[in-house]
Every structure is written in structure tokens, then in C-alpha cells.
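Residue-level listing of the chains:
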Amino acid sequence: MLSQKLNLSRRTLVTGVSALAVGAVVGQMALTPSVSEAKTLRRTPSQPEGPFYPEAIPADNDWDLVKSGSAVYDKGQIALVGGVVYDIHGKPLPNAVVEIWQCDHKGNYHHSGDGNKAHKEFQGFGRVQVAADGRFQFRTIHPGTYVGRTPHIHVKVKLGRKTLLTTQFYIEGHPENAKDSIWRRLNTEERAVLTRPFVAKGQELHAQFELVVKT
């Protein structure tokens with residue numbers, strides 16, 4: 001009888017230890033989400049490049065589109081347009097390059113396909129490498145309108161020689177948006193990403209966009 005009690009006690013002890021071990025493993029698993037459970041950000045929707053990407057990148061292609069060489073473009077309303085570039089895991093992408101190009105205050109581009117009618121003092125194209133925190137900024141103008149399009153700014157995000165994103169920025173609340181066939185292709189969520197308020201601060205407009213790309 002004594003040996004049976006001892007054997008029973010040993011079995012109970014082993015069973016209890018095993019249960020604790022299994023519980024510890026299960027608890028550890030609960031604290032460590034699987035890769036499939038990891039959340040990723042939704043990529044920024046792409047949009048057409050359009051016909052007026054520069055035929056040749058201008059020598060002056062910095063962040064300030066209002067100043068071309070020594071000339072200062074004094075037409076239209078100044079707009080500081082910037083934001084942050086993230087990868088799909090929410091990490092800033094500091095090695096990325098952001099490019100923008102757009103029409104002048106009258107809706108003209110620096111491009112032979114548009115008759116090279118853009119104002120000569122408007123740079124029209126800019127390129128910046130994003131900062132360590134993923135941020136970028138351009139000094140440009142509120143884009144003009146032309147037949148068939150609402151005001152917009154063309155955007156590319158590149159990493160090395162690879163283009164990660166081609167899209168367009170829009171102005172929240174602009175009455176021409178709903179008439180624009182390209183803007184109308186976006187669903188409600190996509191419009192919210194690419195259509196942002198251009199807020200007046202003093203004599204300038206300010207707009208911020210978040211760009212999520214897959215590397």
C-alpha cells in the first residue's frame with residue numbers, strides 16, 4: 001500500500017510538472033505572434049504617370065520648384081507639400097527618393113507634348129532624398145487646372161533604380177475633383193489617402209501625405 005501511494009504521488013507530481021511546462025509554452029506562444037498575424041500597412045494606391053514626365057531631368061531639380069536657378073517664380077500660391085515614406089511594415093524608408101512634377105499656375109508643363117508652354121521661371125520638377133525619419137518636403141505652388149483634369153501633383157518614389165510608386169496628389173474639397181475621371185477611379189479609402197487638405201498658413205499652403213510602398 002505504501003509503495004502504491006508513493007507511485008501515485010510521483011505520477012501526480014510528474015503530471016503537474018508537465019502541465020505547468022505545457023502551460024508555459026502555450027503562454028509563450030501567446031506572447032509571440034506568428035508571422036501570419038503580423039499586421040502590414042496598405043500600400044498607397046498607384047495612379048497613371050501621365051504624358052508629361054520630364055523628357056530630360058533639369059539641371060536644377062532640387063526641392064524648391066519656385067526658384068529655378070537664380071530666377072524666382074512669383075505666380076500662383078506657394079505650397080509646401082511634404083510627408084513621410086514608410087515601407088509596408090511601418091518603418092521609415094530613409095534611402096528612398098521622392099520626385100514630383102506638375103504644371104504651372106496656368107496649367108502648362110515643361111514638355112514638348114504640351115508645347116513647352118510652362119513659365120520659364122517655374123522649375124516644374126523636383127527630387128529629394130527622404131530624411132532618416134522618412135520625411136520629405138517640396139516648395140512648389142498650388143497646381144493650375146487644364147481641360148479634363150482637376151489640380152494635381154505627380155509623384156514617384158524610387159529606391160535605387162527601382163520605382164516603388166507612381167501616383168498623384170489631390171487637393172481636398174476642390175470642386176473639379178468629382179469631374180476628373182482619374183480621381184473618380186479611386187474608391188473612398190484611396191481618395192482619403194491621396195486627397196489631402198491644403199491648409200493656408202500665412203501666405204502659404206501646407207499639405208501632408210503618407211506614402212506606403214513595398215520595397
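As shown above, the structure is provided for reference.
What counts as what
Residues numbered from 1 in each chain as written. Predicted model: local features only at pLDDT ≥ 70, side-chain atom pairs only at ≥ 80, totals over all residues. Heavy atoms only, no water. Salt bridge = Lys/Arg side-chain N within 4 Å of Asp/Glu carboxyl O. Helix = DSSP H or I, 4+ residues; strand = E, 2+ residues; numbered from the N terminus. Buried < 20%, exposed > 50% of the residue type's maximum accessible area, 1.4 Å probe, protein only. Core = buried A, V, L, I, M, F, W, Y, C linked by side-chain atoms within 4.5 Å. Contact = heavy atoms within 4.5 Å. Phe/Tyr/Trp six-rings, centres within 6.5 Å; stacked < 30°, edge-to-face > 60°.

### Brief notes about the pattern of salt bridges
At step 1: Per the stated rule, a full pass over the model turns up eight salt bridges.
At step 2: Across the salt bridge formed by Glu189 and Arg42, the nearest N and O atoms sit 2.9 Å from each other. Residue Glu189 is located in helix H3 (residues 188–194), and its partner Arg42 is located in the loop between helix H1 (2–31) and strand S1 (67–68); the two are separated by 147 residues in the primary sequence.
At step 3: Taking the relative accessible area as the measure of exposure, Arg42 reaches 64% and is therefore exposed.
At step 4: Taking the shortest distance from any N to any O, the salt bridge between Glu176 and Lys179 comes out at 3.6 Å.
At step 5: Through salt bridges with shared partners, a single network forms among Glu99, Arg127 and Lys158.

### Re the nonpolar core
At step 1: Core analysis: the largest hydrophobic core is formed by 30 residues, its most contacted members being Val85, Val98, Phe136, Val157, Phe198 and Leu211.
At step 2: Within the residue set of this core, elements represented by two or more residues are strand S3 (78–87), strand S4 (97–101), strand S6 (135–141), strand S7 (152–159), strand S8 (162–171) and strand S11 (204–213).
At step 3: Here the element with the most residues in this core is S11; it accounts for five residues.
At step 4: Apart from residues lying up to four places away in sequence, Phe198 is in contact with Ala79, Val81, Ile153, Tyr170, Ile171, Leu205, His206, Ala207 and Phe209.

### So, the packing of aromatic side chains
At step 1: With the rule as written, the count across this model stands at eight aromatic pairs.
At step 2: Both rings, one in Tyr53 and one in Phe125, keep their centres 6.1 Å apart while their planes meet at 90°; by these two values the pair is edge-to-face. Taken together, the residues Tyr53 in the loop between H1 and S1 and Phe125 in strand S5 (residues 125–129) connect sequence positions 72 residues apart. Comparing Tyr53 with Phe125, the two get one shared label, buried.

These figures come from the coordinates and say nothing about function on their own.
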